[in-house]
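Working through the structure, step by step
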Amino acid sequence: MARIAVNALSLRPGGGLQVIAGLLSRFNTNHHYTILWSDPMSRDQLQRMLTKHRHIDYIKPLNTSRSADLFLWQLTRMRGWLKSNEIGLYLGVNHHFDCGEIPQVIYHLN
């Protein structure tokens, strides 16, 4: 079972969440997923769309939804968080972040 982190920190209800939910709906449900979120409405929407996945944790790494704070955390602390949580694959939308040796897949909207 792989541990996969999904970065939904900057996503709000709409296109980006639809893409994430669409991708995850086709992923193997035997893996363990961790979705990083900052907006409660986004988390709630993902939870509704991904009800068939049993192994999903929803983690809010910061007590803020401010874009600048979230971006700074991703630049400076996300790499360590991914490593300490033994993440094997990082899935993001639009932005590449330094994840060290952890492979990442970036889905670019547009």
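These lines cover the structure that appears in this document, whether it is placed above or below. (Residues numbered from 1 in each chain as written. Predicted model: local features only at pLDDT ≥ 70, side-chain atom pairs only at ≥ 80, totals over all residues. Heavy atoms only, no water.)

**Considering the nonpolar core**
Counting 15 residues, the largest nonpolar core has Val6, Ile20, Leu24, Ile35, Leu46 and Leu50 as the members making the most contacts within it. Looking at this core, the elements that each hand over two or more residues are β1 (3-8), α1 (15-26), β2 (32-37) and β4 (89-93). Per-element accounting of this core gives the leading share, 4 residues, to α1. Core analysis: the second largest hydrophobic core is formed by 14 residues, Ala5, Leu36, Leu62 and Tyr90 among them. (Core = buried A, V, L, I, M, F, W, Y, C linked by side-chain atoms within 4.5 Å. Buried < 20%, exposed > 50% of the residue type's maximum accessible area, 1.4 Å probe, protein only. Helix = DSSP H or I, 4+ residues; strand = E, 2+ residues; numbered from the N terminus.)

**Regarding the packing of aromatic side chains**
As enumerated under the stated definition, the model contains 2 aromatic pairs in all. Consider the rings of phenylalanine 27 and tyrosine 33, whose centres lie 6.2 Å apart with planes at 40°: the pair is tilted. Taking the relative accessible area as the measure of exposure, phenylalanine 27 reaches 26% and is therefore partly exposed. Taken together, a centroid distance of 5.5 Å and an interplanar angle of 65° make the contact between phenylalanine 71 and phenylalanine 97 edge-to-face. Here phenylalanine 71, found in helix α3 (residues 67-76), pairs with phenylalanine 97, found in the loop between β4 and β5 (104-107); they are 26 residues apart in sequence, far enough to count as distant. Its relative accessible area of 3% is what places phenylalanine 97 among the buried residues. The ring of tryptophan 37 carries the charged tip of arginine 43 above its face, separated from the ring centre by 4.5 Å. (Phe/Tyr/Trp six-rings, centres within 6.5 Å; stacked < 30°, edge-to-face > 60°. Lys NZ or Arg CZ within 6 Å of the ring centre and 35° of its normal.)

**Examining the pairing of β4**
Burial of β4 is extensive: 4 of the 5 residues sit out of reach of the surface. Pairing analysis gives 3 bridges linking β1 to β4, with the strands arranged parallel. Along β4, the bridge assignment pairs isoleucine 4 with leucine 89. Note that β4 and β5 share 4 bridges and pair parallel. (Pairing = 2+ DSSP bridges.)

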